[in-house]
Amino acid sequence: MKYGRAADAVKEARKDANMTQQQLSFEIFESRESVSHQENGRYRVQPNITQYFAEKHNNPWVALEAAAEYTGWGPVKLDGEVVDLHRASVAMKTKEELTEALQAIESVCVANHPRSIKEFEKKQLEEAILQAIDAIVALTQYVAVICVDYGFSWFKMWQQHRTKLKAKGFIKR
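Now for a quick tour of the structure.

## Things to note about the overall build of the protein
Next up, step 1: A count of helices and strands for the protein gives eight helices and zero strands.
Next up, step 2: Along the protein, helices and strands appear, N-terminal first, in the series α-α-α-α-α-α-α-α.
Next up, step 3: In terms of principal-axis extent, the alpha carbons of the protein reach across some 60 × 40 × 35 Å.
Next up, step 4: In the protein, which comprises 173 residues, the share counted as buried stands at 30%.
Next up, step 5: Put simply, the protein shows about 11700 Å² of open surface, and 57% of that area lies on carbon and sulfur atoms.
Next up, step 6: The averaged location of the 23 negative side-chain charges in the protein is 8 Å from the averaged location of its 24 positive side-chain charges.

## Side note on a negative patch on the surface
Next up, step 1: Taken together, the side chains of D8, E12, D16 and E69 make up a negatively charged region of the molecular surface.
Next up, step 2: Looking at which element gives the most residues to the negative patch, the answer is helix α1 (residues 5-16), with three residues.
Next up, step 3: Secondary-structure assignment places D16 in helix α1.

## Here we look at the pattern of salt bridges
Between side chains of opposite charge, a pair can form when the charged atoms approach closely.
Next up, step 1: Under the definition given, this model contains seven salt bridges.
Next up, step 2: Where R14 meets E39, a salt bridge forms, and the shortest distance between an N and an O atom there is 2.4 Å. Here the residue R14 occupies a position in helix α1, and E39 occupies one in helix α3 (residues 32-39), the gap between them amounting to 25 residues. In this pair, the class of R14 matches that of E39, namely buried.
Next up, step 3: One network of salt bridges, with partners in common, ties together R5, E65 and D79.

## So, unusual backbone geometry
Next up, step 1: Although it is not a glycine, N18 sits at a positive phi angle of roughly 55°.
Next up, step 2: For N18, the location among the structural elements is in the loop between α1 and α2 (21-28).

## A short note on helix α7 (residues 119-150)
Next up, step 1: Counted at 1.5 Å a residue, the expected span for α7 with its 32 residues is 46 Å, and the 46 Å between its end C-alpha atoms agrees.
Next up, step 2: Considered for burial, the residues of α7 that qualify are A128, Q131, A135, A138, T140, Q141, A144, V145, I146 and C147.
Next up, step 3: Along its buried surface, α7 packs onto α5 (61-71), α6 (87-106) and α8 (154-167).
Next up, step 4: Of the residues trailing α7, G151 is marked for its positive phi of about 80°.

## Some details on the side chain of Q21
Next up, step 1: By the element assignment, Q21 lies in helix α2.
Next up, step 2: At 2.8 Å, the side chain of Q21 forms a polar contact with the side chain of E39.
Next up, step 3: Sequence-distant contacts of Q21, defined by excluding residues within four places in its chain, comprise R14, R32, V35, S36 and E39.

## A word on the nonpolar core
Next up, step 1: Among the nonpolar cores identified, the biggest contains 14 residues, and L24, I28, V45, I49, Y52, F53 and V62 are the most heavily contacted of them.
Next up, step 2: Looking at this core, the elements that each hand over two or more residues are α1, α2, α4 (47-57) and α5.
Next up, step 3: If one sorts the elements of this core by residue count, α1 sits on top with four residues.
Next up, step 4: In contact with L24, not counting residues within four places along its chain, are R14, M19, V35, Y52 and F53.
Next up, step 5: Residues A54, W61, V90 and V145 belong to the second largest nonpolar core, which totals eight residues.

Criteria and thresholds
Residues numbered from 1 in each chain as written. Predicted model: local features only at pLDDT ≥ 70, side-chain atom pairs only at ≥ 80, totals over all residues. Heavy atoms only, no water. Helix = DSSP H or I, 4+ residues; strand = E, 2+ residues; numbered from the N terminus. Buried < 20%, exposed > 50% of the residue type's maximum accessible area, 1.4 Å probe, protein only. Areas by Shrake-Rupley, 256 points an atom, 1.4 Å probe, with all protein chains shown as cover. Lys, Arg positive; Asp, Glu negative; His and termini not counted. Charge placed at Lys NZ, Arg CZ, Asp CG, Glu CD. Patch = residues over 30% accessible without salt bridge, like charges linked within 9 Å, V, L, I, M, F, W, Y side chains within 5 Å. Salt bridge = Lys/Arg side-chain N within 4 Å of Asp/Glu carboxyl O. Expected span 1.5 Å × (residues − 1). Contact = heavy atoms within 4.5 Å. Polar contact = N/O pair within 3.5 Å; in protein donor to acceptor, adjacent residues only side chain to side chain. Core = buried A, V, L, I, M, F, W, Y, C linked by side-chain atoms within 4.5 Å.

Limitation: the analysis is restricted to geometry and does not speak to function.
Here is the structure:
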C-alpha cells in the first residue's frame, strides 16, 4: 500500500497530542508496530484511531483523510500553499462558496426528466454539482476549524446532528 495523507494525519495528530507511538498503542489497544505501520502507510488507518483522535483530542482531520482514502472521494483537510485556515478566512471562503453553489443550483432546472435535458443544460448541471462540492468542502473546513479553535467537540456535534435527523424521521437509526 502506498503512503498517503491519512498516514500523515495520524502522525501529525499523535505528535500534536505529545504522544509516542507506544503511548498511542496503549490508548487504542493495538501494538506499537500496528501504529507504526499505519503512520508509514503500510496499513490503512483504522477506524479506531480516527475515532480516538476525534473523540479524545477533537481532531477531525485524521477521520476525514482516512475516509477519503477508503472511498476515493470526499473532503480532506486543505493544506496547499495558498490555503489560509484561519477561522475568519475559512468563514469568508465558506460564504463565498455557498453563494456560488446557490447561484449555480438556481440557474438549472431539474424538474424535467433526465432524458429530456439538452446538452447545454447538462453542462450547467455539471457546474452546479461542482459548485455544490466546493461548498461541501468549504463547510467541512469551516465546521472542523471552528470546532478545533473554539473547543466544540467535533464528535459531539455530529452526534447531536444525527439525533436531530432521527427525531425528525430523516433516518431510522
